[in-house]
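Secondary and tertiary structure notes
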Amino acid sequence: MVDDKPTRAKPLSREGRRQAIADAVIPWLKQHGRSVTSRQIAEAAGVAEGTVYSVFVDKEDLIHAAVERNAEHASIVEDVASIPVDLPLAATVVAVVDLVQHRLRDMFTLMAAIGFRPPAADHPRRVNRAESDAVAERIVALLEHHRAELRIPPHRAAALIRITTLSMTHPMISDGEAFTPEDIADLLLHGIANGSRPIIAQPDPASEFATA
């Protein structure tokens, strides 16, 4: 005889409950910022208010967890790895910048909603170094296929792509200017000068010794 009774879902662990609530509250934080209420948080997570604060010390603890969860969801490691290696250099840079920019804007949306403020001493902001390193490695691997077209090593080119994209996407650095992936790629590949790149003369060590 087949038992048709539905199988009860396994209860979540404390950490699983924290993650589920943090995930549910992210859209509300993006919309309402720190003004989101405990009732809204509970309704979004589908739990009682008491359940929320049985796994979080306070709302600040929940916001901190939501920021970290949002960063995890915004991971682009696999997306960068899926970029075809046979694209032209310009198309490769545009594709990388587009992904990095999308991740940054997602994170900035949340940070702008809750306020760009230093993390509290009891809630230090963790940097996901493994994710950052994995993204960097995949960008370098893509650029290795274009080594002959680059005048700097792929690892330095990858660093410049990320730094330039960050500075041209961050609303407080870019002064609200909306730079597209094509804008950023064009700057990275061609700079701001017309025509060919001027050669900046470097000191000749031999001549220095000769005149000493």
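Please refer to the structure placed before this passage.
The notes below deal with the structure included here. No experiment lies behind these values; they were computed from the predicted model shown.

Conventions and cut-offs
Residues numbered from 1 in each chain as written. Predicted model: local features only at pLDDT ≥ 70, side-chain atom pairs only at ≥ 80, totals over all residues. Heavy atoms only, no water. Axes fitted to C-alpha atoms, helices over the stretch in contact; angles between N-to-C directions. Helix = DSSP H or I, 4+ residues; strand = E, 2+ residues; numbered from the N terminus. Parallel < 35°, antiparallel > 145°, perpendicular 65-115°, else oblique. Contact = heavy atoms within 4.5 Å. Nonpolar A, V, L, I, M, F, W, Y, C, P; charged D, E, K, R; others polar. Core = buried A, V, L, I, M, F, W, Y, C linked by side-chain atoms within 4.5 Å. Buried < 20%, exposed > 50% of the residue type's maximum accessible area, 1.4 Å probe, protein only. Patch = residues over 30% accessible without salt bridge, like charges linked within 9 Å, V, L, I, M, F, W, Y side chains within 5 Å. Areas by Shrake-Rupley, 256 points an atom, 1.4 Å probe, with all protein chains shown as cover. Salt bridge = Lys/Arg side-chain N within 4 Å of Asp/Glu carboxyl O. Lys, Arg positive; Asp, Glu negative; His and termini not counted. Charge placed at Lys NZ, Arg CZ, Asp CG, Glu CD. Left-handed = near helix turned anticlockwise from the far one by under 90°. Expected span 1.5 Å × (residues − 1). Bend = angle between axes of the 7 residues up to and from the residue.

Our focus in this paragraph is the packing of helix α1 (residues 14–32) against helix α4 (residues 59–73). Taken N-terminus to C-terminus, the directions of α1 and α4 make an angle of 90°; their axes are 8 Å apart at the nearest point. Considered as vectors, α1 and α4 are oriented roughly perpendicular to each other. Between α1, through Arg18, Gln19, Ile21, Ala22, Asp23, Val25, Ile26, Leu29 and Lys30, and α4, the contact on the second element is made entirely by Asp61, Leu62, Ile63, Ala65, Ala66, Arg69, Asn70 and His73. Residues of the contact of α1 with α4, tallied by class, amount to nine nonpolar, three polar and five charged.

One finds Ile76, Val80, Val93, Val96, Ile139, Leu143 and Ile161 to be the most contacted residues of the largest nonpolar core, which totals 25 residues. Mapped onto this core, the elements with two or more residues apiece are α5 (77–81), α6 (89–114), α7 (129–144), α8 (154–169) and α9 (181–190). Among residues more than four places away in sequence, those in contact with Val93 are Ile161, Ala185, Leu188 and Leu189.

This part covers a negative patch on the surface. Taken together, the side chains of Asp98, Asp175, Glu177, Glu182, Asp183 and Asp186 make up a negatively charged region of the molecular surface. For the negative patch, the leading source of residues is α9, giving three residues. Mapped onto the secondary structure, Asp186 falls in helix α9. The class for Asp186 is partly exposed, based on a relative accessible area of 42%.

In this section: the packing of α6 against α9. Running from amino to carboxyl end, α6 crosses α9 at an angle of 130°, the nearest separation of the two axes being 8 Å. One finds that α6 runs oblique with respect to α9. With respect to the hand of their crossing, α6 and α9 are arranged in right-handed fashion. Judged by residue contacts, Leu89, Ala90, Val93, Val94, Val97, Asp98 and Gln101 of α6 engage Pro181, Glu182, Ile184, Ala185, Leu188 and Leu189 from α9. Considering only residue class, the contact of α6 with α9 consists of ten nonpolar, one polar and two charged.

Looking now at α1. Look at α1: 26 Å from first C-alpha to last across 19 residues, which is about the 27 Å you get at 1.5 Å a residue. The largest bend in α1 is about 35°, located at Ile26, with the proline Pro27 one to four residues further on. Looking only at α1, the buried set comprises Arg18, Ile21, Ala22, Val25, Ile26 and Leu29. Structurally, α1 contributes buried residues whose contacts are with α2 (38–45), α3 (49–55), α4 and α6. Just beyond α1, the residue with positive phi is Gly33, at close to 65°.

The end-to-end C-alpha distance of α7, which contains 16 residues, comes to 22 Å, matching closely the 22 Å that a straight helix rising 1.5 Å per residue would cover. For α7, the full list of buried residues reads Glu131, Ser132, Ala134, Val135, Ile139, Val140, Leu142 and Leu143. Looking at the buried residues of α7, the elements they touch are α5, α6 and α8.

This part is about the environment of Asp106. Considering the arrangement of structural elements, one finds Asp106 in helix α6. The exposure class of Asp106 is partly exposed, given its relative accessible area of 23%. Each C-alpha atom of the pair Asp106 and Ala74 lies 7.2 Å from the other, and the pair is 32 residues apart in sequence. Sequence-distant contacts of Asp106, that is, excluding residues within four places in its chain, are made with Lys30, Asn70 and Ala74.

As enumerated under the stated definition, the model contains seven salt bridges in all. With its nearest N and O atoms 2.8 Å apart, the salt bridge here joins Asp23 to Arg69. Highlighted residues: Asp23 in helix α1 and Arg69 in helix α4, separated in sequence by 46 residues. A salt bridge links Arg34 to Glu60, with the nearest nitrogen and oxygen atoms 2.7 Å apart. Residue Arg34 is located in the loop between α1 and α2, and its partner Glu60 is located in helix α4; the two are separated by 26 residues in the primary sequence. Classification of Arg34 as partly exposed rests on a relative accessible area of 21%. Residue Glu60 is classed as partly exposed on the basis of its relative accessible area, which comes to 30%. Three or more residues are tied together by salt bridges with common partners; here these are Glu15, Arg18 and Asp61.

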